[in-house]
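One-letter residues, chain by chain:
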Amino acid sequence: MNGSPFLIDPERAQAEVEAFRRKLEAGMETLKHVGPIELGTTPREAVYREDKLTLWHFKGEKPPTAKTPLLICYALVNTPWMIDLQDDRSMVRNLLAQGEDVYLIDWGYPDGADRWLTLEDYIDGYLDRCVDVVRQRHAVDALNLLGICQGGVFSLCYAALHPHKVRNLVTMVTPVDFHTPDNMLSHWARHVDIDLFVDAVGNVPADVMNFAYLTLKPLRLNQQKYVGLVDILDNPKEVENFLRMEKWIFDSPDQAGEAFREFARDFFQKNLLIKGEARIGERTVDLKAVTQPVLNIYAEQDHLVPPAASTPLGDVIGSSDYTALAFPGGHIGIYVSGRAQKLVPPAIHAWLAER
C-alpha cells in the first residue's frame with residue numbers, strides 16, 4: 001500500500017524468517033554437543049588457603065623473567081576468572097607470556113560463617129597474609145600489586161597502610177571518586193538504607209547484586225544480547241564463548257554482610273576514600289601515603305566505573321610517578337576483547353619493567 005508507513009518486501013521477509021528457522025535448528029544441534037564450560041584455563045597451583053580464600057600461582061609456558069612477583073587482587077562481587085576466561089581471552093596468560101610471575105587471590109564463596117567479616121578482615125587480614133606468602137616465597141621485601149575494580153580500592157587502601165610491602169601499584173577500572181554525576185551504581189546505592197538491608201538479609205545474595213548490575217543497562221544486558229544470540233547459534237565456538245560469559249556472570253558469590261555494609265556506606269554513600277576519611281579498622285586511609293609508582297588503567301566506555309570516577313587518582317595520591325592509561329572499551333572488554341589482549345598486558349609489563 002503506497003501510503004503505508006511500513007514498507008515490507010514479502011520475499012525478503014520470507015527469506016529472513018527462513019534464515020531465522022535455520023539458525024534455530026543449527027542452534028539446537030550446536031547445544032547438544034557443547035561440553036562442560038570451564039573457566040580459568042591457565043595452569044595453576046594453590047600455594048595458600050585460608051577459610052574460603054585460595055591464593056593461586058599461575059604457570060606459564062616459559063619461566064618468568066620479571067624479578068618481582070605480581071599479585072592480582074580481584075573484587076569480591078564476582079569470581080576472578082574474567083581475567084582468565086579462556087585460552088585466547090586471558091589477561092593472566094598474556095601477562096605470563098610477557099614474563100610476569102603471576103599470583104591471584106580467589107576470595108571464594110562466603111557463607112553464614114563469614115557474615116561478620118569486615119573490610120579490615122579482608123585488607124589487613126586476608127590480603128596482607130597473601131602478600132606475605134608471596135614475599136616469603138620469593139624472598140623479596142615488596143611485590144607488585146594489581147587491583148581490579150573493588151579489588152583496586154582494596155589495593156589502594158593496602159598500599160597506603162602497608163607501603164613497605166608494595167613496590168609498584170597497578171589499578172584497573174578502580175573508582176576513587178564515587179560521587180561523579182555519571183556513576184549510575186553510586187546513584188542507586190545512595191538511596192538504599194544499607195543498615196536496614198544488611199540487618200535484614202545478612203550476607204547479600206549474589207542474585208540481588210546481579211539484578212542491580214543488569215538493571216543499570218536493562219535493554220542491552222537483559223534483551224539485546226539474547227536477541228543477538230540467534231545470529232551465532234550456528235557457530236559452535238561463538239556459542240561456547242557466549243555460554244562461558246553467562247556462566248561467569250551468574251556464578252557469583254554472596255557478599256559478606258558486614259564488609260558489604262562498610263563498603264557501600266563509607267565508599268558509595270559517604271565517598272570517604274577521596275576525602276581522606278575512609279577507615280580500615282582503627283586506621284585512616286590517607287591516599288597521600290601511596291608514594292609508590294602507580295599505573296591507573298581505566299576504560300573509556302565503562303558504565304560501572306566511569307572514567308571520571310577513576311581519573312582523579314593522580315591528584316590525591318602522594319606518588320610523583322603516576323601514569324594513566326585509557327583503554328577504548330568497557331568494564332568487561334578491558335579483559336576479554338581481542339584489542340585488550342594486545343594492548344593491556346604488554347602495557348602493564350612494559351611499565352613494570354621500567355621500574
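Keep in mind it's a predicted model, so treat the numbers as computed, not measured.

1. What to know about the overall build of the protein chain
So, point 1. Of the regular secondary structure elements, the protein chain holds 15 helices and 10 strands.
So, point 2. Every one of the 355 residues in the protein chain was classed for burial, and the buried ones make up 52%.
So, point 3. Of the contacts formed within the protein chain by residues at least 6 apart in sequence, a portion of 79% connects residues at least 24 apart.
So, point 4. In the structure as shown, the protein chain presents an accessible area of about 16500 Å², 54% of it carried by carbon and sulfur atoms.

2. A word on the packing of aromatic side chains
So, point 1. The final tally for this structure, using the stated rule, is 11 aromatic pairs.
So, point 2. Where phenylalanine 197 meets phenylalanine 260, the ring centres are 6.1 Å apart and the plane angle is 65°; that geometry is what we call edge-to-face. Taken together, the residues span a long stretch of sequence, with phenylalanine 197 in helix α6 (residues 194–201) and phenylalanine 260 in helix α10 (residues 257–269) at a distance of 63 residues.
So, point 3. Classification of phenylalanine 197 as partly exposed rests on a relative accessible area of 23%.

3. Structural notes on the pattern of salt bridges
So, point 1. Inspection of every chain in the model, using the stated rule, returns 16 salt bridges.
So, point 2. A salt bridge links arginine 135 to aspartate 132, with the nearest nitrogen and oxygen atoms 2.6 Å apart. With arginine 135 and aspartate 132 both in helix α3 (residues 119–138) and three residues apart, this pair spans about one turn of that helix.
So, point 3. Look at arginine 135 and you get buried, because its relative accessible area is 17%.
So, point 4. What you see here is one network of salt bridges that share partners, running through Arg115, Asp195, Asp199, Glu258 and Arg261.

4. Brief notes about the sheet that holds strand β6 (residues 166–172)
So, point 1. One open sheet accounts for eight strands, arranged β1-β2-β4-β3-β5-β6-β9-β10; its pairing is mixed. Each of the sheet's edge strands pairs with one partner strand only, and the pair in question is β1 (44–50) and β10 (322–327). The sheet shows a mean angle of 20° between the axes of neighbouring strands, taken without regard to direction.
So, point 2. Both strand β3 (residues 70–73) and strand β4 (residues 102–106) contribute to a ladder of four bridges, which runs parallel.

5. A short note on the pairing of β1
So, point 1. The pairing of β1 with strand β2 (residues 53–58) spans six bridges and is classified as antiparallel. Across the sheet, residue arginine 49 finds its bridge partner in β2, namely threonine 54.
So, point 2. In sequence, β1 turns back onto β2 through a hairpin of two residues, with aspartate 51 there showing a positive phi of about 55°.

6. Let's talk about unusual backbone geometry
So, point 1. Positive phi, close to 55°, is recorded for alanine 139, a residue that is not glycine.
So, point 2. In this fold, alanine 139 is placed in the loop between α3 and β5 (143–148).

7. Some details on helix α9 (residues 236–250)
So, point 1. Between the first and last C-alpha of α9 there are 21 Å, a value that for 15 residues agrees with the 21 Å anticipated at 1.5 Å per step.
So, point 2. Looking at α9, one finds that the buried residues are Val239, Asn241, Phe242, Arg244, Met245, Glu246, Trp248 and Ile249.

8. What to know about the packing of α3 against α10
The geometry of a pair of packed helices is captured by two quantities: the angle between their axes and the separation between those axes.
So, point 1. For the pair α3 and α10, the least separation of the axes is 7 Å and the interaxial angle reads 100°. Classified by the angle between their axes, α3 and α10 sit roughly perpendicular to one another. Seen from α3, the contacting residues are Leu119, Glu120 and Tyr122; seen from α10, they are Ala259, Glu262, Phe263 and Phe267.
So, point 2. The class makeup of the residues in the contact of α3 with α10 is five nonpolar, no polar and two charged.

9. Quick look at the packing of α3 against helix α4 (residues 150–161)
So, point 1. It is the contact of α3 with α4, at a shortest axis distance of 10 Å, that shows an interaxial angle of 75°. With respect to α4, the element α3 is oriented roughly perpendicular. On the side of α3, the interface is formed by Leu119, Tyr122, Ile123, Asp124, Leu127, Asp128 and Val131, while α4 contributes Phe154, Cys157, Tyr158 and Leu161.
So, point 2. Split into classes, the residues belonging to the contact of α3 with α4 amount to nine nonpolar, no polar and two charged.

10. Notes on the environment of phenylalanine 242
So, point 1. On the secondary structure map, phenylalanine 242 appears in helix α9.
So, point 2. A relative accessible area of 16% means that phenylalanine 242 is categorised as buried.
So, point 3. Put simply, phenylalanine 242 and isoleucine 232 are 10 residues apart on the chain and 9.1 Å apart in space, counted from C-alpha to C-alpha.

11. Concerning the nonpolar core
So, point 1. Core analysis: the largest hydrophobic core is formed by 50 residues, its most contacted members being Leu71, Trp107, Tyr122, Phe154, Phe267, Val285 and Leu287.
So, point 2. Sorting elements by how many residues they give to this core places α3 first, with nine residues.
So, point 3. When residues no more than four places from it in sequence are discounted, the contact partners of tryptophan 107 are Lys52, Leu53, Cys73, Tyr74, Ala75, Leu76, Tyr122, Tyr126, Leu127 and Phe154.
So, point 4. Of all hydrophobic cores here, the second largest spans 48 residues; its members include Trp81, Met82, Ile148 and Tyr335.

12. Some points on the environment of glycine 151
So, point 1. Relative to the helices and strands, glycine 151 is located in helix α4.
So, point 2. A sequence separation of 75 residues divides glycine 151 from leucine 76, and the C-alpha atoms of the two residues are 7.3 Å apart.
So, point 3. With residues near it in sequence (within four places) discarded, glycine 151 still touches Cys73, Tyr74 and Ala75.

Basis of the calculations
Residues numbered from 1 in each chain as written. Predicted model: local features only at pLDDT ≥ 70, side-chain atom pairs only at ≥ 80, totals over all residues. Heavy atoms only, no water. Helix = DSSP H or I, 4+ residues; strand = E, 2+ residues; numbered from the N terminus. Buried < 20%, exposed > 50% of the residue type's maximum accessible area, 1.4 Å probe, protein only. Contact = heavy atoms within 4.5 Å. Areas by Shrake-Rupley, 256 points an atom, 1.4 Å probe, with all protein chains shown as cover. Phe/Tyr/Trp six-rings, centres within 6.5 Å; stacked < 30°, edge-to-face > 60°. Salt bridge = Lys/Arg side-chain N within 4 Å of Asp/Glu carboxyl O. Pairing = 2+ DSSP bridges. Axes fitted to C-alpha atoms, helices over the stretch in contact; angles between N-to-C directions. Expected span 1.5 Å × (residues − 1). Parallel < 35°, antiparallel > 145°, perpendicular 65-115°, else oblique. Nonpolar A, V, L, I, M, F, W, Y, C, P; charged D, E, K, R; others polar. Core = buried A, V, L, I, M, F, W, Y, C linked by side-chain atoms within 4.5 Å.

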